[in-house]
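Residue-level structure breakdown
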Amino acid sequence: PVDRTPEIQEARLKLPILAEEQVIMEAIKENPVVVLCGETGSGKTTQVPQFLYEAGFGSDNDIIGVTEPRRVAAVTMSQRVALEMNLPQSVVSYQIRYEGNVSPETKIKFMTDGVLLKEIQKDFLLSKYKVIIIDEAHERSVYTDILIGLLSRIVPLRTKKGCPLKLVIMSATLRVEDFTENKRLFPVSPPVIKVEARQFPVTVHFNKRTPLDDYTGECYRKICKIHRMLPAGGILVFLTGQAEVHSLCRRLRKMFPYRGKNQTKAIEDDESEIATDRRKSKPRKNLTLPKINLDNYSALPVDEGDEDREAGGNDDDEEGQGSDSDLDLGDGGSEEDEKSDSSDPLYVLPLYSLLAPERQAKVFHPPPSGTRLCVVATNVAETSLTIPGIKYVVDCGKVKKRFYDKVTGVSSFRVEWTSQASADQRAGRAGRTEPGHCYRLYSSAVFSDFEKFSQPEITRRPVEDLVLQMKDLNIEKVVNFPFPTSPSADALIAAEELLISLGALQDPPKTGRLNYLQRAKLSSPITPLGKTMASFPVAPRYAKMLALGKQHDCLPYIITIVAAMTVRELYEELGRPAISDEEKEILKAKKARVLQMQRVWAGQGPAQKLGDLMVMLGAVGACEYSGLTPKFCERNGLRYKAMMEIRRLRGQLTSAVNSLCPDVRIYLDSKMPPPTESQVNYLRQIVMSGLGDHIARRIRPEELLDEKWRNAYKTPLLEDPVFIHPNSSLFKQLPDFVVYQEIFETTKMYMKGVSSIECE
Ligand code: ADP
Ligand code: MG
């Protein structure tokens, strides 16, 4: 029996899902797998675990498990459910990657999907659970998808053993065919239960113009206008990342100061928050690099519960499109200056994944009287959390996504337009308690160019890293795995072959040439090196380089090379046609200067063998040495944005290496000295270790049968000749053997990122 307070009881009864309790519980009793769809805010996350608890799940020694793709949701939802049930956090608990409050009394356990994956690695049957709820399945995060695939096998196994496990898949949208219509996943389609939610109309206001760059500035101006001109009601702002959130919070607090007792403290808290977050990501485990002790590694899934996940969306929101009412504030002008203002105070709160739980919880409390609530959030507020009292939504339309380069496979974060479904979800946040308004800081034309839905993450990325993570979870036959949406078989086989060649998976016994089907059944287990590699947040090719980089103090260089190879288009395009004679002269002079700089960066003697990679090292080194200014970049034909991106990535990789291997302790050196001659040789070997299949042999004059092969190279992968680009530092040398980062096709096929693999 659950002893709820009268207030909680009253609030619960207003939730649409309460009316469906019986239907839901009966479906769960009668089916091993149930899919539950309901609008955000209908009560899925907070109520379904309680229904299960009251129906007797979680008695005896069983636990009710709930997975969330985001850490914020795991933490706040466990707290909310504990509060609603009047139970301590030792009973309703959470576990995220590095922390949690699970106890021997825990009955309901909220966790990130990555945590449950790791538990499956230790206990495949998940014997301590009687029911698993997969929440936010519509987000289609790779880990959620893999969990559903695994559970589709665990559930029948548990039935066979006579101790059934129930699976509840919850989604904020009705797009669930990938789970219900996929016979390989669930041979018997699971029933789908829909919960109708109360949704008040939301009027959508588009900007007439879309700001080119400064969407945070546009956000700021729009919020100022809303606060000055529109009736009471909370504001929820969608931005893309933590840094943006903090800077907007600061500006808004300055403009509409709240003179409550903790106003200044709140700001200090936020500042120190950033410092705490950094501390949180410090090393937890003693891990070492290959040469020291490979077996000392235990890999964690990278980026589990990250705030930067892209969300899927809903296609049946019913808000009006466009409006010309007086609430349509028009595009933000630039009339605001940063002086503070006489309007009412604005109670500004940040909200993002890594924010400390007690600060996250603030958004659920009513704001101090006489103030207006303004929550500045990343897309965690899109579907996972429902903030009470929101009447206005300001949507920048962007989302920070992990972007995977199809060619290099290296991942990085990029800010992009979101999908229509996502934008509609965001708008929907304004209509939970009364009719609301959503201000989109982009035009309706831009909106109509958004993709309708976001593709499941798993189909948008190369899979060698995913295969490596799965192998790290001891899922050996990845090809036979029942993905809700599968990557192509070719993609999986290619991934497995690449991983074998990198030494991350064991080489299968040689039984002559394997045919396609045999290969499809390949099931090579992971090696200790593979486990090391699985710990780095980059594609396996580059992880291999990082894993070897410690030797002979090569790590700072390898980190820089990996970062530079990840960021495309380092160099400014100088081949563009000039408009005037004057410009022609300027371009010519610049080209000459840039070429000269590149020759300097390419180094002397043996360093030149590192080729284009040496030029990258030199360019990054010179940029950092000069303080990385737009002026320096412009003078030397480098793209400032690319160089900034490289700096950020170097920072990220440096802390990854430091936290995985505390004995290394490297730091970002802005005055990185050039590598020594012997280091250059080691660097070339290390680069080869990751790009071993990207080699090319020069066609010698005596072999020349066809003119099209003059000065060309032959690769094992392609029939056609490939070339060293005139911009490459090795264009004149034409070494006999080279290794390249990638091939791109313009008028010919050119190799990019070329270095020599000759010995002397
Ligand atoms: P769903 O999972 O369907 O999106 P939830 O169960 O998360 O819905 O939320 C149901 C309702 O519970 C929300 O509308 C919100 O008002 C309320 N709620 C959720 N979390 C909190 C909280 N931490 N504090 C106050 N109210 C909350
Ligand atoms: Mg929810």
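Since we're looking at a predicted model, the values are computed, not measured.

Re the pairing of strand β6 (residues 166–171)
Each regular strand carries side chains that alternate between the two faces of the sheet. Of all the 6 residues making up β6, 6 are buried; the element is thus mostly covered by neighbouring parts of the structure. Along β6, one buried face is formed by Lys166, Val168 and Met170 and the opposite face, lined by Leu167, Ile169 and Ser171, is buried too. Here 5 bridges tie strand β1 (residues 33–38) to β6, and the two strands are oriented parallel to one another. Within β6, the residue paired with Leu36 across the bridge is Met170. For strand β5 (residues 129–134) and β6, the ladder comprises 4 bridges, and the chain directions are parallel. Bridging from a neighbouring strand, Ile134 pairs with Ile169 of β6.

As for the site of ligand 1
In the vicinity of ligand 1, 13 residues are found, and the nearest of them are Gly41, Gly43, Lys44, Thr45 and Thr46. One of the backbone nitrogen or oxygen atoms of Gly41 is found 2.6 Å away from an oxygen atom of ligand 1. Between an oxygen atom of ligand 1 and a side-chain N or O atom of Thr45, the distance comes to 2.6 Å. Notes on ligand 1: free accessible area 560 Å², of which the protein chains cover 86%. Listing elements by their share of the shell around ligand 1, those giving two or more residues are α3 (44–54) and α4 (71–85). When its residues are assigned to classes, the shell around ligand 1 shows 3 nonpolar, 7 polar and 3 charged.

Notes on unusual backbone geometry
The phi dihedral of Leu126 falls on the positive side, at around 50°, and the residue is not glycine. Tracing the chain through its elements places Leu126 in the loop between α5 (113–122) and β5. By relative accessible area, which is 1% here, Leu126 ends up buried. Of note, the phi angle at Arg140 is positive, near 55°, even though the residue is not glycine. Structurally, Arg140 is set in the loop between β5 and α6 (142–160).

Observations concerning helix α14 (residues 420–428)
Judged by how many residues are buried, α14 sits mostly within the fold: 9 of 9 residues are covered. Within α14 the residues assigned to the buried category are Gln420, Ala421, Ser422, Ala423, Asp424, Gln425, Arg426, Ala427 and Gly428.

Description of the sheet that holds β5
The 7 strands lie next to each other as β3-β4-β2-β5-β6-β1-β7, forming an open sheet whose pairing is parallel. The open sheet terminates on both sides in strands that have one partner only, identified here as β3 (92–95) and β7 (192–195). Averaged over all pairs of adjacent strands, the angle between their axes in this sheet comes to 20°, without regard to strand direction. Pairing of β1 with β7 involves 4 bridges; the strand directions are parallel. The partner of Leu36 across the bridge, within β7, is Ile193. Of the strands in this sheet, β2 (63–68), β3 and β4 (108–112) are in contact with α4, which crosses β4 at around 165°.

So, helix α25 (residues 640–660)
A rise of 1.5 Å per residue sets the reference length of α25, with its 21 residues, at 30 Å; its end C-alpha atoms lie 30 Å apart and thus fit the reference within 8%. Considered for burial, the residues of α25 that qualify are Ala642, Met643, Ile646, Leu649, Arg650, Leu653, Thr654, Ala656, Val657, Asn658, Ser659 and Leu660. Taken together, the buried residues of α25 touch α20 (540–548), α21 (555–566), α23 (611–625) and α24 (630–635).

Observations concerning the pattern of salt bridges
Once their charged atoms are close, side chains differing in charge can pair, the charge on each being opposite to the other. With the rule as written, the count across this model stands at 25 salt bridges. Across the pair Arg80 and Glu84 runs a salt bridge whose closest N-O atoms are separated by 2.9 Å. You can see Arg80 and its partner Glu84 sitting in helix α4, 4 residues apart, about one turn around the helix. Of the residues examined, Arg80 reaches a relative accessible area of 34% and is grouped as partly exposed. Accessibility expressed as a relative area gives 4% for Glu84, which makes it buried. Across the salt bridge formed by Glu707 and Arg710, the nearest N and O atoms sit 2.9 Å from each other. Judged by its relative accessible area of 52%, Glu707 falls in the exposed class. Where salt bridges share partners, they join Glu39, Arg429 and Arg432 into one cluster.

Points about the sheet that holds strand β8 (residues 202–206)
Taken together, the 6 strands give an open sheet; going across it, the order is β8-β15-β12-β9-β11-β10, and neighbouring strands pair in parallel fashion. At either end of the open sheet lies a strand with only one pairing partner, and these are β8 and β10 (346–351). Averaged over all neighbouring strand pairs, the angle between strand axes comes to 20°, with direction disregarded. Relative to strand β15 (residues 436–440), β8 is paired through 5 bridges, and the arrangement is parallel.

The rules behind each value
- In every chain, residue numbers begin from 1 and rise along the written sequence.
- In the order they appear in the text, chains get letters beginning with A and ligands get numbers beginning with 1.
- Two thresholds apply to this predicted model, a pLDDT of at least 70 for residue-level local features and 80 or more for giving and counting side-chain atom pairs, whereas whole-chain, interface and lining totals are computed over all residues.
- With hydrogens and water excluded, all non-hydrogen atoms of the structure serve as input to the side-chain values.
- Three labels apply to residues, based on accessible area from a 1.4 Å probe with only protein chains included: buried if under 20% of the type maximum, exposed if over 50%, partly exposed otherwise in between.
- Going along the chain from the N terminus, every DSSP run of H or I of four or more residues is numbered as a helix, and every run of E of two or more is numbered as a strand.
- When DSSP finds two or more bridges between a pair of strands, those strands are recorded as paired.
- Residues are counted as near a molecule or strand when any one of their heavy atoms sits within 4 Å of it.
- Any pair of nitrogen or oxygen atoms within 3.5 Å is treated as a polar contact; in protein, a donor-acceptor pairing is required on top of that, and neighbouring residues in sequence qualify only through side-chain atoms on both sides.
- Each accessible area is a Shrake-Rupley result for a 1.4 Å probe, and residues are judged covered by the shown protein chains and nothing else.
- The classification used treats Ala, Val, Leu, Ile, Met, Phe, Trp, Tyr, Cys and Pro as nonpolar, Asp, Glu, Lys and Arg as charged, and all other residues, Gly among them, as polar.
- Whenever a helix is involved, its axis is fitted only over the stretch in contact; in every case the axis is a line through C-alpha atoms, and angles between N-to-C directions fall within 0 to 180 degrees.
- Should any heavy atoms of two residues lie within 4.5 Å, those residues are counted as being in contact.
- By this rule, a helix spans an expected 1.5 Å times one less than how many residues it contains.
- Any Lys or Arg side-chain nitrogen found within 4 Å of a carboxyl oxygen on Asp or Glu counts as a salt bridge.

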